[in-house]
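Observations on the three-dimensional arrangement
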Amino acid sequence: MEAPDRLQCTDVGALAERLRDPQKGVSVQDRRYFFRTYPKTFVGSEMVDWVYTNVVGLRRRKDAVEICQQLMDTGLFRPVSSRRQGKPFYDASVLYRFTVDFTGGECDEDEDDSDILGENNKISSDQLDDVLVAFASGIEVKKRRHFLRSYDHCFVGSEATDWIVDKFNVSRVQAVELGQKMLGMGFFEHVSDQNKPFEDANEFYRFVDTEAAGPQVTENTTLYDFNALDIDKNPVSLSEFSGRVLVETHGASGFTVLGFPCNQFGKQEPGTNDEIKEFVKKFNVTFPLFDKVNVNGPQAHPLFKWLKDELPGSLGIKGVKWNFTKFLINKQGKPVQRYGPPTDPKSIEKDILTLMEKDSL
């Protein structure tokens, strides 16, 4: 994405034109975030990367952020979420969209594409991290008894619904829908039936990390201590990849991508392993694919339990949010970076190259 000649920050017109250039500008593409696909968007942090690389005289990343803010103030682009309208530009995994494309035509308007609860939604998808943290800290979790059996570390569906209604001023129907979405993400589950939906009833639920037995690991544990089944269900020792920089994801010499299919997010990967192999042929996939796994909940593969413990997501939440979460592993088998679903793989190229050049970290 680097331009052959760098630009002056005072030449706003040239900067705006270069930014929108499909070949030289910031990466614009359809991106999946939580429960929706957002067409023709770019990520705030990637735009900051681009500006910092392509504008002369910038000493600090903060300088690039200020230029992005100035460009947004001109109306060149806007946040995808209507709830971010009027707020400062964010150097983060926030989605933005140009108001005019490279040809001069107006970009398509979305409906209120921040919604995750429907037309009268009170909570936007870019607020969901805050919702999860508030929910986990606000719900009463304790030992509960039902008939002749006790359940540790539980909360009640109806009490959770009460909390959501009171906290976010939504209807009970909307509260149940949000509860179901959090359950579908693997944030919590029913104590006795993993296929049971979230209900506004006297049903018990448990956060997945409460009793999920993590792998027996030490500070010296590495990726190479784990085993997995490949897409043909043959056992594989991950020590086979020792000495390479790796990207673990679900959904060059010395660098390998390991792909782990998962059907926990919107049931987007329902096919058999043979069907998955056939499907990826159209994308010319050559990296190793593995057997379908769970990445959240008590049945999560030990590898992903370890990865989540080593590198929690934003705000300390361990659970994988959605497909295409990525973990970058160094040559010593240690996870060094975690990237959320919206992150374009091209944007982590510099991190990969840095690790490939290092003998040790």
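See the structure above.
Since the model is a prediction, treat every value here as computed from it, not as a measurement.

Okay, the side chain of Arg97 next. Tracing the chain through its elements places Arg97 in strand S4 (residues 95-98). According to the relative accessible area criterion, Arg97 is buried, its value standing at 3%. A polar atom in the side chain of Arg97 sits 2.8 Å from the backbone oxygen of Pro39.

Okay, the nonpolar core next. Of all hydrophobic cores here, the largest spans 23 residues; its most connected members are Leu238, Phe260, Phe290, Leu303 and Phe304. Counting residues per element, the ones that place at least two in this core are strand S12 (255-260), helix H9 (302-310) and strand S13 (326-329). Within the second largest apolar cluster, 22 residues are counted, among which are Leu19, Val48, Val51 and Val94.

Where helix H5 (residues 157-168) contacts helix H6 (residues 172-184), the two axes come as close as 9 Å, and the packing angle between them is 115°. Between H5 and H6, the angle falls in the class roughly perpendicular. Seen along the crossing, H5 lies across H6 with a hand that is right-handed. Judged by residue contacts, Ser158, Thr161, Asp162, Ile164 and Val165 of H5 engage Arg172, Ala175, Val176, Leu178, Gly179 and Met182 from H6. For the contact of H5 with H6, the per-class residue count stands at 6 nonpolar, 3 polar and 2 charged.

Here the focus is the pattern of salt bridges. A side chain of one charge can pair with a side chain of the opposite charge when the charged atoms of the two come close. Under the defined criterion, the tally for this structure stands at 13 salt bridges. Across the pair Lys350 and Asp49 runs a salt bridge whose closest N-O atoms are separated by 3.5 Å.

The strand order S5-S6-S8-S7 describes an open sheet built from 4 strands, whose pairing is antiparallel. The sheet is open, and its two borders are formed by strand S5 (142-146) and strand S7 (188-190), each paired with just one other strand. Taken over all neighbouring pairs, the strand axes of this sheet differ in orientation by 55° on average, direction set aside. When S7 meets strand S8 (residues 204-207), the two strands line up antiparallel, connected through 3 bridges. Note on S8: the bridge partner recorded for Phe188 is Phe207. Where H5 meets the sheet, its contacts fall on S5, strand S6 (149-156) and S8, and the angle it forms with S6 comes to roughly 10°. Across the face of the sheet, H6 comes into contact with S7 and S8 while running at roughly 100° to S7.

Criteria and cut-off values
- Position numbers for residues count from 1 along each chain, tracking the sequence in the order it is written.
- Local features in this predicted model are restricted to residues of pLDDT 70 or higher, and side-chain atom pairs are both shown and tallied only at a pLDDT of 80 or more, whereas totals for entire chains, interfaces and linings draw on every residue.
- Each side-chain value is derived from all of the structure's non-hydrogen atoms; neither hydrogens nor water enter the calculation.
- Where helices and strands are cited, they refer to DSSP runs of H or I of at least four residues and of E of at least two residues respectively, numbered from the N terminus.
- Only protein chains enter the accessibility calculation, which uses a 1.4 Å probe. A residue is then buried if its area is under 20% of the maximum for its type, exposed if over 50%, and partly exposed in between.
- Identification of polar contacts relies on pairs of N or O atoms within 3.5 Å, with a donor-acceptor requirement for protein atoms, meaning one able to donate a hydrogen and the other able to accept it, and with residues adjacent in sequence counted only if both atoms are side-chain atoms.
- In these notes, a set of buried Ala, Val, Leu, Ile, Met, Phe, Trp, Tyr and Cys residues joined through side-chain atoms within 4.5 Å is what counts as a nonpolar core.
- Working convention: axes come from line fits to C-alpha atoms, limited for helices to the stretch in contact. Angles between N-to-C directions cover 0 to 180 degrees.
- Geometric relationships in this document are graded by angle, where less than 35 degrees denotes roughly parallel, more than 145 denotes roughly antiparallel, 65 to 115 denotes roughly perpendicular, and other angles denote oblique.
- Rotating anticlockwise by less than a right angle from the far helix to the near helix defines a left-handed crossing, while the corresponding clockwise rotation defines a right-handed one.
- We call two residues in contact when some of their heavy atoms are within 4.5 Å.
- The classification used treats Ala, Val, Leu, Ile, Met, Phe, Trp, Tyr, Cys and Pro as nonpolar, Asp, Glu, Lys and Arg as charged, and all other residues, Gly among them, as polar.
- We define a salt bridge as a contact between a side-chain nitrogen of Lys or Arg and a carboxyl oxygen of Asp or Glu at a distance within 4 Å.
- Any two strands with at least two DSSP bridges between them are considered paired.

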